[in-house]
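# Architecture and fold: a report
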Amino acid sequence: MLFLRKSGEVVLASGSHGRRLASLGRRMSKAPLRYLTVVPTSARHFTTNLSLSTPHAGHGIDLKRALQAADRRRSKFTDRSQLKYSRRIVVKLGSAVITREDEHGLALGRLASIVEQVAELQQEGRECIMVTSGAVAFGKQKLTQELLMSLSMRETLSTTDTTRQDVKTFLEPRAAAAVGQSGLMSLYDAMFAQYGVKIAQVLVTKPDFYNEETRKNLFTTLSELLSLNILPIINTNDAVTPPPAPEAPSGKKVIALKDNDSLAAMLAAEIQSDLLILMSDVDGIYTLPPWQEGSKMIWTYTSDMHDVVQFGKKSKVGTGGMDSKVQAATWALDRGVSVVICNGMQDKAIRSIMSGRKIGTFFTEAINTVTTPTEVLAENARHGSRVLQALPAEARAEAIYKLADLLVSKQSDILDANGKDINEAKKANTSGPLLDRLKLSPSKLKNLAVGLKQIAESSHKNVGRVIRKTKLAEGLELTQITVPIGVLLVIFESRPDCLPQVAALALSSANGLLLKGGKEAAHSNRALMDVVKEAICSVGADNAISLISTREEIADLLSMEKHIDLIIPRGSSELVRSIQEKSQHIPVLGHAEGICHVYVDNEADFAKAIKIVRDAKCDYPAACNAMETLLIHEDLLKSQFFIDVCNALKNEGVTVYSGPALSQKLTFGPPPVKSLKTEYGSLECAIEVVKDLQEAVDHIHTYGSGHTDVIVTENREKAALFQRAVDSACVFHNSSSRFADGYRFGLGAEVGISTARIHARGPVGVEGLLTTKWVLNGDGHVASEFAEGGPCQFVHQSLPID
């Protein structure tokens, strides 16, 4: 915010601080100051909002030129992610949003949530204006009570009298508005006061906008209120306002004011608002009325799309239908205001819009025609899955072989792209473990190709495999066969090598696939996706696999339950846990943490133990199957083994922490561990001492994550007991935890590792991406014939599987 001091010095401030400085400057100079708000709309663009327009005499010459430039048409936001930069916001509350179902009174819960969100925006230093309905509903509630009170006792108590049912017909809307306006504002005043926000009522009638003098006074008042950090709440004076005037002038500055939608659009344009939010009772704009079959949500709307939309009836409350909302939105958009039409009944709708979430219909003129909407990609993936399912197994295998070969033949292109990601990551001071996950190499690509060929070889027996065959009765045969799950969404961080792995598994299992990679591997992912596309195009399944490159938030993807059947997150424990918590309707396959243990028993071969511990911790410390806690039998504490294993870890650069029991037994030792439930993902680990095998099992059940746990012992009975007792997805004897991997298990690759107890568990290969269906073949059989005493009987005979 720029404003001019009496001395002529120009001061830069922003938000609420700028408003307070401007107010202070007025009092110091005793003259009106001219200031403007500078708002970043992207990394390189700014919009400028002119608020007051009288420069201090003698000091406004240079500033005047800047202000004239500010009057030029502002750039609209072109992407939802830019909405967070909005500084001046108009929020319109439709009657359907804040009115109760019976139309007599307000929906206080919804209204309180909206007030809280607007107050938060105001407290952040943004400038908000509300355009509200509700006076009529509020007044109807009061008038209904008064009418009922005025009825005679006989009429009130009579069982046959219908006067009470007809009360609403006595209510005249203008009278209800007159009664409700003061109550509505008192309610707003009380609600906003809880957040320390001051409000002002601005009561208008439609002719006020067609008279130049009253119109000028209105916007001068609004500018002054905004400069004082006061929230204007605007509602029409429905007690006196004339009926809507369809022939009202509609030009550069004036829109035909028929309802609160057009009123809000007019205000947003006149005060140079950055964002207009029109809150209704539907999720946004649909191609058809939402209740009609075939209706589809339009997430992004441009002014040339009006012909593709068929508008339904108006809301039963209020005067504005969807048609008027779209007209108001496009009118405001044409004057530099970004617009979102959303469902005001949705929880935290305003906050979600401001954070860039895919909420409501976003109005913009800048459409990236190259980017395909995610819903379309998902529908294509479903169709692609059916194409893959119809192909012979040999064709799917051939596509995977081709993908494996392309990883090697196009190695230079892939590594060049990966080099760009590595350079950008280093500039961003990315940690060593993350760099390791991000980096590709010729050996990694070669190993990927070998793993993919394993998947191809196993593709012949995946989809359509008979699991069970049963003869139910003579001529009635039931078969259970494997089929793909449908459409998978795999969200992964840092590790671009998982992209071709998951793509190959999807091809083998005939699943459609959407891939959402992290921005840190953007170049690598695009290069690898080009290779995948080349492979799937060779079998005519061009759209079965797609890389989501839009800026949609993860939360928006998690709400696409109509399009996505299974979500598989691969990344940090924070990412996985967040997705598991936020996905309410789509199942999530994965593990939040990889807290893996190695227990060295008192009957262990010490040379084997040191070799296993070193590999489990140091081979790839960033992996989820790396050892995080070493458990040692207490008999070994005073042996040479304890010294040797500590030295082995120290020589590898591992930072060691001691568990509580170990700390008590050592006078001088490693620093105490902060938590035994820690996945370090780096060259760090904890060492703890246990009394026996059972205490080791109890420790694992208390602090482990159910991923992979190991026992090192020469006593096979102890090993068998450990493997029965430990309830983890992978339980190993005398081998490194690093073997918990799809490729090492002979699965070719893994889509992830699951610690869940249903469906797939451990490294998930093709088997975990399949479900089943039942196929029944009969010859005119009907269930009624199998009733007691009927001509048919069940035999339920198991048949051999061919």
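Remember, it's a predicted structure, so these values are computed and weren't measured experimentally. (Residues numbered from 1 in each chain as written. Predicted model: local features only at pLDDT ≥ 70, side-chain atom pairs only at ≥ 80, totals over all residues. Heavy atoms only, no water.)

Grouped together as the largest cluster of nonpolar side chains are 54 residues, with contacts concentrated most on Leu513, Leu515 and Ile545. When neighbours within four sequence positions are excluded, Ile545 is seen to be in contact with Ala503, Leu507, Leu513, Leu515, Met529, Val532, Lys533 and Ile536. Within the second largest apolar cluster, 39 residues are counted, among which are Val118, Met185, Met191 and Ile353. (Core = buried A, V, L, I, M, F, W, Y, C linked by side-chain atoms within 4.5 Å. Buried < 20%, exposed > 50% of the residue type's maximum accessible area, 1.4 Å probe, protein only. Contact = heavy atoms within 4.5 Å.)

Consider a sheet: its strands pair through backbone hydrogen bonds, and that pairing is either parallel or antiparallel. In spatial order, the strands read β7-β8-β6-β5-β9-β13-β14-β12; together these eight strands make up an open sheet with mixed pairing. Each end of this open sheet is capped by a strand with a single partner; those strands are β7 (199-204) and β12 (300-301). Two elements, strand β6 (residues 127-132) and strand β8 (residues 231-236), share two bridges in a ladder whose sense is parallel. In the sheet register, Val131 faces β8, and the bridge partner there is Ile234. Running at roughly 155° to strand β13 (residues 338-343), helix α11 (residues 322-333) makes contact with β5 (88-93), β9 (275-280), β12, β13 and β14 (361-363) of the sheet. (Pairing = 2+ DSSP bridges. Helix = DSSP H or I, 4+ residues; strand = E, 2+ residues; numbered from the N terminus. Axes fitted to C-alpha atoms, helices over the stretch in contact; angles between N-to-C directions.)

This paragraph deals with a nonpolar patch on the surface. Nonpolar side chains collect at one region of the surface, where Phe739, Phe745 and Leu747 lie side by side and expose about 260 Å² of accessible area between them. Within the secondary structure, Leu747 is located in the loop between β26 (730-733) and β27 (752-754). (Patch = residues over 30% accessible without salt bridge, like charges linked within 9 Å, V, L, I, M, F, W, Y side chains within 5 Å. Areas by Shrake-Rupley, 256 points an atom, 1.4 Å probe, with all protein chains shown as cover. Salt bridge = Lys/Arg side-chain N within 4 Å of Asp/Glu carboxyl O.)

Moving on, we get to the pattern of salt bridges. Under the criterion given, the structure shown has 25 salt bridges. When the shortest N-O distance is used, the salt bridge between Arg465 and Glu767 registers 3.4 Å. Placement of the pair is Arg465 in the loop between α17 (442-458) and β15 (466-473) and Glu767 in the loop between β28 (762-764) and β29 (770-777), with a sequence separation of 302 residues. The partly exposed category is assigned to Glu767, whose relative accessible area is 48%. In this structure, Asp497 and Arg495 form a salt bridge, with 3.6 Å as the shortest nitrogen-oxygen distance. For Asp497, a relative accessible area of 8% translates into the label buried. Via salt bridges that share partners, Glu120, Glu124, Arg126 and Arg351 belong to a single interconnected network.

This part covers the sheet that holds β29. Ordered in space as β29-β16-β15-β30, the four strands form an open sheet in which the pairing is antiparallel. Looking at which strands have only one partner, the edges of the open sheet turn out to be β29 and β30 (797-798). Looking at chain direction, β15 and β30 are connected through two bridges and run antiparallel. Directly across from Lys471, in β30, lies its bridge partner Gln797.

The next point concerns the environment of Leu438. Its location among the elements puts Leu438 in helix α16 (residues 432-438). Taking the C-alpha atoms as reference points, Leu438 and Gly419, separated by 19 residues in sequence, lie 9.8 Å from one another. In this structure Leu438 touches Asn418, Asp421, Ile422, Ala425, Ser494, Pro496, Glu520 and Ala521, once residues within four positions along its chain are discounted.

For the rest of this paragraph, the subject is the packing of aromatic side chains. The final tally for this structure, using the stated rule, is seven aromatic pairs. Aromatic side chains Tyr599 and Phe722 sit 6.4 Å apart centroid to centroid with 20° between the ring planes, which places their arrangement in the stacked category. With Tyr599 in strand β21 (residues 596-600) and Phe722 in helix α26 (residues 716-725), this pair connects stretches of sequence that are 123 residues apart. The two residues Tyr599 and Phe722 agree in class, both being buried. Ring geometry for Phe786 versus Phe794: centroids 4.4 Å apart, planes at 25°, classification stacked. Classification of Phe794 as partly exposed rests on a relative accessible area of 47%. (Phe/Tyr/Trp six-rings, centres within 6.5 Å; stacked < 30°, edge-to-face > 60°.)

Turning next to a negative patch on the surface. A grouping of Glu634, Asp635, Asp692, Glu695 and Asp698 is seen on the molecular surface, where their side chains present a negatively charged patch. Its place among the elements puts Asp692 in the loop between β24 (684-690) and α25 (693-703). Classification of Asp692 by relative accessible area gives partly exposed; the value is 36%. (Lys, Arg positive; Asp, Glu negative; His and termini not counted. Charge placed at Lys NZ, Arg CZ, Asp CG, Glu CD.)

A few words on the confidence of the model for the protein chain. Looking at the protein chain as a whole, the pLDDT averages 81, with 80% of positions reaching at least 70. Predicted confidence is poor over residues 243-252, with pLDDT under 50, and the contacts of this stretch with residues over four places away or in other chains come to 15 contacts. (pLDDT = per-residue confidence, 0-100.)

Turning next to helix α19 (residues 522-537). In this model α19 runs 22 Å from its N-terminal to its C-terminal C-alpha over 16 residues, within 8% of the 22 Å that 1.5 Å per residue would give. Buried within α19 are the following residues: Ser524, Asn525, Ala527, Leu528, Met529, Val531, Val532, Ala535 and Ile536. Residues of α19 that are buried make contact with α14 (393-409), α15 (411-427), β17 (487-492), α18 (498-509), β18 (512-517) and β19 (545-547). (Expected span 1.5 Å × (residues − 1).)

Moving on, we come to the packing of α17 against α18. For any two helices packed against each other, the geometry is given by the interaxial angle and the distance between the axes. The interhelical angle for the contact between α17 and α18, taken along N-to-C directions, is 10°, at an axis separation of 10 Å. Judged by the inter-axis angle, α17 sits roughly parallel to α18. Across from Leu448, Leu452 and Ile455 in α17, the residues of α18 making contact are Pro500, Gln501, Ala504, Leu505 and Ser508. Of the residues assigned to the contact of α17 with α18, the class counts are six nonpolar, two polar and no charged. (Parallel < 35°, antiparallel > 145°, perpendicular 65-115°, else oblique. Nonpolar A, V, L, I, M, F, W, Y, C, P; charged D, E, K, R; others polar.)

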